[in-house]
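Each chain, letter by letter, is given below.
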Amino acid sequence: MLVPLSQVAAWQYSTSSSDIRRYDRQKEIRLSANVEGTSMGEANEAFFEKMESMQVPVGYKVGQAGAGNDMDDSFANMAMALAMAVAFIFMILAAQFESYSEPFAIMFSLPLAMIGALAGLFIAGSELSLVPRWRML
């Protein structure tokens, strides 16, 4: 026996998005903006300050993607890369000088070199940028 659909369902017309985006099998909404006149770090800081003052409904979470996510990944990997670079440079110097004491004298100059590099960036009015400006596809 056939049953009309109107007896088991109620019709309601509404609008919705034409596609549903998902990230890690969860629905997502992406907001994007071009930020000019400020650095990516300042823009992220201002965004998350505003988000802390907002009441996000239960079940929702706020995150970042794109260049902001790339910047966080770069900073997270920078410490490991720096430690590995120092270790490899020490091994190369130890092999070249056939000694462990002489490479220590050279390696102790690294903090002074970093201070000089950061002072040079400050004097030039430049920023230390770890996020690539382009990507290879």
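Residues numbered from 1 in each chain as written. Predicted model: local features only at pLDDT ≥ 70, side-chain atom pairs only at ≥ 80, totals over all residues. Heavy atoms only, no water.

(A) A look at helix H2 (residues 67–97). When the terminal C-alpha atoms of H2 are compared, their 43 Å separation across 31 residues agrees well with the 45 Å that a helix rising 1.5 Å per residue should span. Along H2, the largest kink reaches about 30° and is centred on Met78. Of the positions making up H2, those classed as buried are Gly68, Met71, Ser74, Phe90, Leu93 and Ala94. Contacts made by the buried residues of H2 are with helix H1 (40–53) and helix H3 (101–107). Where H2 terminates, the next one or two residues include Glu98, which has phi positive at roughly 55°. (Helix = DSSP H or I, 4+ residues; strand = E, 2+ residues; numbered from the N terminus. Expected span 1.5 Å × (residues − 1). Bend = angle between axes of the 7 residues up to and from the residue. Buried < 20%, exposed > 50% of the residue type's maximum accessible area, 1.4 Å probe, protein only. Contact = heavy atoms within 4.5 Å.)

(B) Structural context of helix H4 (residues 110–124). Its 15 residues give H4 an end-to-end C-alpha distance of 21 Å, which sits within 8% of 21 Å, the value for a rise of 1.5 Å per residue. Note on H4: the residue one or two positions beyond its end, Gly125, has a positive phi of about 75°.

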